[in-house]
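Structure assessment
Spelled out, the chains give:
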Amino acid sequence: MSNLFKIAVFISGTGSNLKSIIEKQPQYPYQVSLVVSNNENAKGLAIAKSHNIPTYVFKWDRNDSYLSKVHNQIKQADCQLIVLAGFMKILPKGFIDSFQNQIINIHPSLLPKYPGLHTHQRVLDKGDKFHGTTVHYVNTELDAGKIIAQSKIKIKKDDNKDTLAARLLFREHSLFPYTIYLIAQNRVKWRENELYFDQKILTQPIEMNE
Ligand code: GRF
């Protein structure tokens, strides 16, 4: 069995972040061991299959009856981290509690600004000078867990929500794999409820601005 750090990636749609995470595997010491989706038509499932990565599709319901099966899949695949990459459902508290500090998400804003949806338009409406994307740990509040890393872009005069979305997605494709790499290398790690980066308590997001 390989010693690589195993991750499960959850998707709901296109899966461009999943693709970038998979494609960085040769240079980063992690392995995508499972792709989970609530949407059987998610394009990202085909990307996983083309790389021979096992997939698991579940049907969302209000009673959370799918949860124990998803949980078992992750345990069987021996995953140490759950990566939400365009996963459009809110995971229930019981699930988050059972993977405490083992779930990360990418959100298209400079959190704590603009949690939730329509971030690009909200940034434009406010007249902000900068926009960005954030990788953070997932807790039971929406987009509110501990921030790990961010990538920032300057907003141009002629930007609209689509140009911002495209530029940010491009940044996400570097930021997300790099953050997973830092966790896999134990350079980002939890110790007694504090998050450390390279042995120091993380007080500011790690920045990756290229
Ligand atoms: C990204 O914009 C990400 O910030 C958000 O969902 C989108 C996922 O895109 N959480 P993709 O499916 O990875 O292409």
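You'll find the structure just up there.
The following paragraphs examine the structure supplied in this document. (Residues numbered from 1 in each chain as written. Predicted model: local features only at pLDDT ≥ 70, side-chain atom pairs only at ≥ 80, totals over all residues. Heavy atoms only, no water.)

Ranked by size, the top nonpolar core spans 37 residues in total, and within it Ile 7, Tyr 30, Val 32, Val 83, Ile 104 and Ile 148 carry the most contacts. For this core, the element with the most residues is helix α6 (residues 161-184), which contributes 7 residues. Not counting residues within four places of it along the chain, the set of residues in contact with Tyr 30 comprises Leu 4, Phe 5, Ile 7, Ile 21, Lys 24, Gln 25, Pro 177, Ile 180, Tyr 181 and Ala 184. Listed in part, the 21 residues of the second largest apolar core include Val 36, Leu 67, Leu 91 and Val 138. (Core = buried A, V, L, I, M, F, W, Y, C linked by side-chain atoms within 4.5 Å. Buried < 20%, exposed > 50% of the residue type's maximum accessible area, 1.4 Å probe, protein only. Helix = DSSP H or I, 4+ residues; strand = E, 2+ residues; numbered from the N terminus. Contact = heavy atoms within 4.5 Å.)

With antiparallel pairing, 3 strands are arranged side by side in an open sheet as β8-β9-β10. Lying at the two open borders of the sheet, with one neighbouring strand each, are β8 (188-191) and β10 (200-201). Bridge count between β8 and strand β9 (residues 194-197): 4 bridges; the pairing is antiparallel. Within β9, the position partnered with Lys 189 by the bridge is Tyr 196. (Pairing = 2+ DSSP bridges.)

Charged atoms that come close allow side chains of opposite charge to pair. In the structure shown here, the tally under the stated rule is 7 salt bridges. Asp 128 is paired through a salt bridge with Lys 113; the nearest N and O atoms lie 3.2 Å apart. With Asp 128 in the loop between α5 (119-126) and β6 (130-137) and Lys 113 in the loop between β5 (103-107) and α5, the pair connects residues that are 15 residues apart, well separated along the chain. The class of Asp 128 is buried, set by a relative accessible area of 16%. Lys 113 sits in the partly exposed class, given a relative accessible area of 43%. Of the charged contacts, one joins Asp 198 and Arg 187 as a salt bridge, the two residues approaching to 2.9 Å between their closest N and O atoms. (Salt bridge = Lys/Arg side-chain N within 4 Å of Asp/Glu carboxyl O.)

Let's shift gears to empty space enclosed by the protein. Scanning the model with the defined rule gives 1 cavity of 30 Å³ or more in all. Estimated volume of the largest cavity: approximately 30 Å³. Lining the largest cavity, in full, are Leu 110, Lys 113, Tyr 114, Val 123, Asp 128, Phe 130, His 131 and Gly 132. Looking at the lining of the largest cavity, the element that brings in the most residues is β6, giving 3 residues. Grouping the amino acids of the lining of the largest cavity by side-chain chemistry returns 4 nonpolar, 2 polar and 2 charged. (1 Å grid on protein atoms, 1.4 Å probe; cavity = no way out; pocket = protein on both sides within 12 Å on 5 of 7 lines; lining within 4 Å. Points joined across faces, edges and corners; volume = space filled by probe spheres on them. Nonpolar A, V, L, I, M, F, W, Y, C, P; charged D, E, K, R; others polar.)

So, on to the environment of Asn 160. Along the polypeptide, Asn 160 turns up in the loop between β7 (147-154) and α6. Take Asn 160: its relative accessible area is 35%, and that puts it in the partly exposed class. Sequence separation of Asn 160 and Pro 108 is 52 residues, and the distance between their C-alpha atoms is 15 Å. Within the structure, Asn 160 has its side chain in polar contact with the backbone nitrogen of Asp 162 (distance 2.9 Å). (Polar contact = N/O pair within 3.5 Å; in protein donor to acceptor, adjacent residues only side chain to side chain.)

Reading across the sheet, the 8 strands line up as β3-β2-β1-β4-β5-β6-β7-β11 and stay open at both edges, with mixed pairing between neighbours. Sheet topology places β3 (55-57) and β11 (206-207) at the edges, where each strand pairs with a single neighbour. In the sheet, β5 pairs with β6 via 4 bridges, with the strands oriented antiparallel. Counterpart to Asn 105 in the pairing with β6 is His 136.

What follows covers the site of the ligand. All residues in the neighbourhood of the ligand are listed as Thr 14, Gly 15, Ser 16, Asn 17, Gly 86, Ile 106, Pro 108, Leu 169 and Glu 172. Separating an oxygen atom of the ligand from a backbone N or O atom of Asn 17 is a distance of 2.8 Å. In this structure, Ile 106 approaches the ligand through a main-chain N or O atom, which is 2.9 Å from a nitrogen atom. Here the ligand has 370 Å² of accessible area as a free molecule, and 80% of this is covered by the chains. One can see that the ligand is located within the largest pocket. When residues of the shell around the ligand are traced back to their parent elements, those giving at least two are α1 (16-23) and α6. Residue classes in the shell around the ligand are distributed as 3 nonpolar, 5 polar and 1 charged. (Near = heavy atom within 4 Å. Areas by Shrake-Rupley, 256 points an atom, 1.4 Å probe, with all protein chains shown as cover. Sits in = over half its atoms within 2 Å of the grid points.)

The values are spatial; any link to function lies outside them.
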